[in-house]
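Structural overview for review
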Amino acid sequence: MKEAPKGLTGVVPIIPTPFTEDEEIDGLALCNLIDFAIDSGIEAVCLPAYASEFYKLTDEEKLYVVKVAVNHAKGRIKIVAQSNNPSLRGAIKLAQANVEVGADVVSLAVPRIFNLPEDSLKEYLGGFLQSIPDTPVLIQDFNPGGSSISVNFIEELMNQYPNFKYLKLEEPLCAPKFEEIIRRTNGNIGLFEGWGGLYMLELIPLGIAGVMPGLGVSDILQKVFDLRRNGEHARAFSIFERVMPQIFFSLQNMELFHYAEKELLMARGILTNSIARKAAYKPDQSSINYIKELNQRVVELVNSEIYNLVS
């Protein structure tokens, strides 16, 4: 089992954006979500990312949720502030504002609205990294239409910008690429697996730093992560196998994920509604029933003997 780099490690969940009935951001509910992460022993959280519906928030709202999280956390948990904007100018402005309000790490998704050559992406990411040189940066590449940034590109960024500390990739069959990144960077870039943690058991033995799933299963996956890293593989699999159907089903569609995630947080007594901003996915009755069943199984897992016997 390879050692992960120091710094952010373990499960770093994405905090969903809670809304009121009129689709305004619910600051009190957001604080409850931060408290849940803290009470679960999580070391860091990230917002507002894809699983936070960041693409439905104004830049002012993106900064607002980070500010609420930082102020409520009061240093009890690290805040990773996602600063996504397809415009470099806009991303820099948001990142610098997030640093000013106290974010511990700044995160940025590679712009994937249209296909761009790596030279263009290097100019974008390089400009972003040098705009906040004293703040560690996590780069996320979620590219459903193709491959993520190349290993050569990752190595060049690391060599040129010392504050490039973390990388989140979410794609299938990624183990060979993760291994190559670790080898080429000498393990100096903390690698995180996204996509709900679906591939985490394969990647943990390779030396990934952690996983960035939804908040609703974060405490469960933290336990799985620790067990797997400590060599307790049978226990890690026994817990992961129980929660995997919920993760797999919800990730069929990003908007479906918002509904399933918030419904799970309701089932666990952490949220009071599952409202997503429009345009939002409206599941059919069969899906609603099945999500409820899957979420109930997660709740039963948390209350089960097999789960609570594992320290």
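Our subject is the structure listed above.
Quick summary incoming for the structure in this document. What you see is a predicted model, and the numbers here were worked out from it, not measured in a lab. (Residues numbered from 1 in each chain as written. Predicted model: local features only at pLDDT ≥ 70, side-chain atom pairs only at ≥ 80, totals over all residues. Heavy atoms only, no water.)

1. Examining the overall build of the protein
This is how the line gets drawn: Put simply, DSSP H or I for four residues or longer makes a helix, DSSP E for two residues or longer makes a strand, and each gets a number counted from the N terminus. Atoms counted for the radius of gyration: C-alpha only. Globule rule: 2.2 Å times the number of residues to the power 0.38. Buried means the residue's accessible area, taken with a 1.4 Å probe over protein chains only, is under 20% of the maximum for its type, while exposed means over 50%, and partly exposed covers the values in between. Throughout, a contact is declared for two residues whenever any of their heavy atoms are within 4.5 Å. For every accessible area listed, the method is Shrake-Rupley and the probe measures 1.4 Å; residues are considered covered only by the protein chains on display. The convention is simple: Lys and Arg are positive, Asp and Glu are negative, and His and the chain ends are not counted. Where a charge sits is defined by one atom per residue type, namely NZ (Lys), CZ (Arg), CG (Asp) or CD (Glu).
Counting its secondary structure elements, the protein contains 12 helices and 8 strands. For 311 residues, the compact-globule estimate of 2.2 N^0.38 gives 19 Å, and the C-alpha radius of gyration of the protein, at 18 Å, lies within 12% of that figure. Oriented by its inertia axes, the alpha-carbon framework of the protein measures out at about 50 × 45 × 40 Å. In the protein, which comprises 311 residues, the proportion classed as buried is 59%. For the protein, long-range pairs separated by at least 24 residues make up 74% of all intrachain contacts whose partners lie at least 6 apart in sequence. In the structure as shown, the protein presents an accessible area of about 13600 Å², 51% of it carried by carbon and sulfur atoms. In the protein, 29 side chains carry a positive charge and 39 a negative one; their mean positions are 2 Å apart.

2. A closer look at the packing of helix H10 (residues 254–267) against helix H11 (residues 285–302)
Geometrically, a packed helix pair is captured by the angle between its two axes and the distance between the axes. Heads up, the rule is: The axes are straight lines fitted to the C-alpha atoms, using for helices just the contacting stretch, and the angles between their N-to-C directions are given from 0 to 180°. Comment on the angle field: the value is read as roughly parallel under 35 degrees, roughly antiparallel over 145, roughly perpendicular from 65 to 115, and oblique elsewhere. Here is the rule for handedness: rotate from the far helix to the near one, and if that takes an anticlockwise turn smaller than a right angle the crossing is left-handed, while a clockwise turn gives right-handed.
For the pair H10 and H11, the least separation of the axes is 9 Å and the interaxial angle reads 45 degrees. Considering their axes alone, H10 and H11 lie oblique with respect to each other. For H10 against H11, the interelement crossing comes out right-handed. When H10 is examined against H11, the residues Leu-256, Tyr-259, Ala-260, Glu-263, Leu-264 and Ala-267 are found in contact with a partner set consisting of Ile-288, Ile-291, Asn-295, Val-298 and Val-299.

3. A closer look at the nonpolar core
Worth spelling out the cut-off: Here, nonpolar core means buried Ala, Val, Leu, Ile, Met, Phe, Trp, Tyr and Cys residues that are tied together by side-chain atoms lying within 4.5 Å of each other.
Judged by nonpolar contacts, the single largest core of 103 residues is most densely connected at Ile-77, Phe-128, Ile-139, Phe-164, Leu-167, Met-200 and Val-243. For this core, the leading source of residues is helix H1 (residues 27–39), giving 8 residues. Once residues within four sequence positions are removed from consideration, Phe-128 is found in contact with Ser-83, Leu-88, Ala-91, Ile-92, Ala-95, Val-106, Leu-108 and Val-137. With 6 residues, the next largest nonpolar core counts Leu-256, Ala-260, Ile-291 and Leu-294 among its residues.

4. Brief notes about the pattern of salt bridges
So the rule is basically this: Whenever Lys or Arg places a side-chain nitrogen within 4 Å of a carboxyl oxygen from Asp or Glu, that contact is recorded as a salt bridge.
Applying the stated criterion across every chain, the model contains 14 salt bridges. Of the charged contacts, one joins Arg-76 and Asp-35 as a salt bridge, the two residues approaching to 3.4 Å between their closest N and O atoms. In this pair, Arg-76 sits in the loop between helix H2 (59–73) and strand S3 (78–82) while Asp-35 sits in helix H1, placing the two residues 41 residues apart along the sequence. Here Lys-168 and Glu-170 are joined by a salt bridge, their closest N and O atoms 3.8 Å apart. A relative accessible area of 5% means that Lys-168 is categorised as buried.

5. Notes on the sheet that holds S3
Inclusion rule: Pairing between strands is defined by DSSP: at least two bridges between the two strands are required.
Taken in spatial order, the 8 strands make up an open sheet running S1-S8-S7-S6-S5-S4-S3-S2, and their pairing is parallel. Strands with a single pairing partner mark the edges of an open sheet, and in this sheet they are strand S1 (10–11) and strand S2 (44–47). Alignment of strand S6 (residues 164–169) against strand S7 (residues 190–193), held across 4 bridges, turns out to be parallel. When the bridges of S7 are listed, Lys-168 appears paired with Phe-192. Relative to the sheet, H2 contacts S2 and S3, its axis offset from that of S3 by approximately 175 degrees. Sitting on the sheet, helix H4 (residues 118–131) touches strand S4 (105–109), strand S5 (137–141) and S6, and the angle it makes with S4 is about 165 degrees.

6. Examining unusual backbone geometry
Cis rather than trans, the peptide bond between Leu-47 and Pro-48 has omega equal to -15 degrees. Checked against the element boundaries, Pro-48 lands in the loop between S2 and H2. The omega torsion across Lys-278 and Ala-279 is 10 degrees, close enough to zero to call that bond cis. Phi is positive for Glu-53, which is not a glycine, with a value near 60 degrees. With respect to the helices and strands, Glu-53 occurs in the loop between S2 and H2.

7. A look at the pairing of S5
Taken across its 5 residues, S5 has 5 buried, putting it largely inside the fold. Side chains of S5 alternate between two faces, with Val-137, Ile-139 and Asp-141 and Leu-138 and Gln-140 buried alike. As paired strands, S4 and S5 are joined by 4 bridges and run parallel to one another. If you follow Val-106 over to S5, its bridge partner there is Val-137.

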